[in-house]
Amino acid sequence: MYGFIVNKASGNGKGQRTWKKVEYELQIRNTPYLVRFTSGSGHATTIVKELLTEGVKTIIAVGGDGTINEVANGLVNHRVPLGIIPAGSGNDFARCLNIPMHYEKALHRIFENKQKKVDLLHLGQRHCLTVTGIGFDGKIAKTVNEAIYKNWFNQFGFGGLSYVLSMLEVLKDYRPTNIQITVDGKELFFSGVWLVAVANSPNYGGGIRICPEASYDDGLLNICVVHGMSKWQLLRLFPKAYKGKHVVMEQHVTLLTGKDVYVQSDTPVLVQGDGEPIMESPVRLQIKKGALSVV
């Protein structure tokens, strides 16, 4: 028995359209399944707990990174694996795992049931799959999620442009701050910090390779600190990040690795995880090795 958790609203309705196609495939295959639909923030995690009592052998998220994050949070340290059928605007975690963007190929991969263990970022009461962004991109995530144009771009298949437009909007008024980062007990200080990205996988924001060397199964956090640059320098840096070429600017981009990270800032800044605003700094992040099974 497969359990499906569907966010019909993800990708401006792509979740619902994708589910209709998946449902048809399940029916012609005579595959037993249960389906539940999310009705708001956090609901997917609650649904996971319900499905686990129904004896399902795999729980599949149909949606974007936010939906997948909520399902994963309900499955942490459970034997029941997570399946993914991408139906969001960015789909960064699916891309990281080389999960096909086409629903039928993604479904076939789930049926093969080749499980792998993946690491998770732990932030106190919740986990993150891809990247936790602190500062500038925390504010961008909030702006993207509140933007009217996000749905418009998603409708035409250009979800990544929502991030670009929101970045330009936030850039007008955002002010960098001073930050202290403690990595595995070692304290480091940075001035004029735009953002700190703590990564379990290379991509976020619809394909930005913020930490190109990050891996979801190496037991390490990869950290990128962008600091000491003007707005115009940041604008020139931004396009390079889509290919991970920003890392060569060593004067303004510092890369670190560790297992336990604590970030404090002179003034509280927004923190996002998997594209969803979570909290404000300070924040502690730890890697949880092999905490989730994925098919």
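Look a little higher up for the structure.
Residues numbered from 1 in each chain as written. Predicted model: local features only at pLDDT ≥ 70, side-chain atom pairs only at ≥ 80, totals over all residues. Heavy atoms only, no water.

Caption draft 1: Quick look at empty space enclosed by the protein. With the rule as written, the count across this model stands at one cavity of 30 Å³ or more. There is about 160 Å³ of room inside the largest cavity. Lining the largest cavity are 15 residues, with Leu195, Ile210, Leu234, Phe238 and Ala241 positioned closest to its centre. For the lining of the largest cavity, the elements supplying multiple residues, two or more each, are α6 (136-146), α8 (160-171) and α9 (231-241). Tallying contributions element by element places α9 first for the lining of the largest cavity, with four residues. A per-class count over the lining of the largest cavity returns 13 nonpolar, one polar and one charged. (1 Å grid on protein atoms, 1.4 Å probe; cavity = no way out; pocket = protein on both sides within 12 Å on 5 of 7 lines; lining within 4 Å. Points joined across faces, edges and corners; volume = space filled by probe spheres on them. Helix = DSSP H or I, 4+ residues; strand = E, 2+ residues; numbered from the N terminus. Nonpolar A, V, L, I, M, F, W, Y, C, P; charged D, E, K, R; others polar.)

Caption draft 2: Region of interest: unusual backbone geometry. The omega torsion across Ser281 and Pro282 is 10°, close enough to zero to call that bond cis. Phi at Asn113 takes a positive value of approximately 60°, unusual for a residue other than glycine.

Caption draft 3: Focus on the nonpolar core. Phe136, Val196 and Leu285 are the most contacted members of the largest nonpolar core, which totals 48 residues. If near-sequence neighbours (up to four positions away) are discounted, Leu285 is found in contact with Leu121, His122, Leu123, Thr132, Ile134, Val198, Leu221, Lys259, Asp260, Val261 and Val263. (Core = buried A, V, L, I, M, F, W, Y, C linked by side-chain atoms within 4.5 Å. Buried < 20%, exposed > 50% of the residue type's maximum accessible area, 1.4 Å probe, protein only. Contact = heavy atoms within 4.5 Å.)

Caption draft 4: Just the packing of aromatic side chains, in detail. This structure, assessed with the given rule, holds nine aromatic pairs. For the ring pair Phe136 and Trp194, a centre distance of 5.5 Å and an interplane angle of 80° mean the geometry is edge-to-face. Highlighted residues: Phe136 in helix α6 and Trp194 in strand β9 (residues 186-199), separated in sequence by 58 residues. The pair Phe136 / Trp194 is uniform in exposure class, with both members buried. Each member of the aromatic cluster is reached from another via a ring pair, and the members are Phe4, Trp19, Tyr33 and Phe37. Between the NZ or CZ atom of Lys8 and the centre of the ring of Phe37, over which it lies, the distance is 4.8 Å. (Phe/Tyr/Trp six-rings, centres within 6.5 Å; stacked < 30°, edge-to-face > 60°. Lys NZ or Arg CZ within 6 Å of the ring centre and 35° of its normal.)

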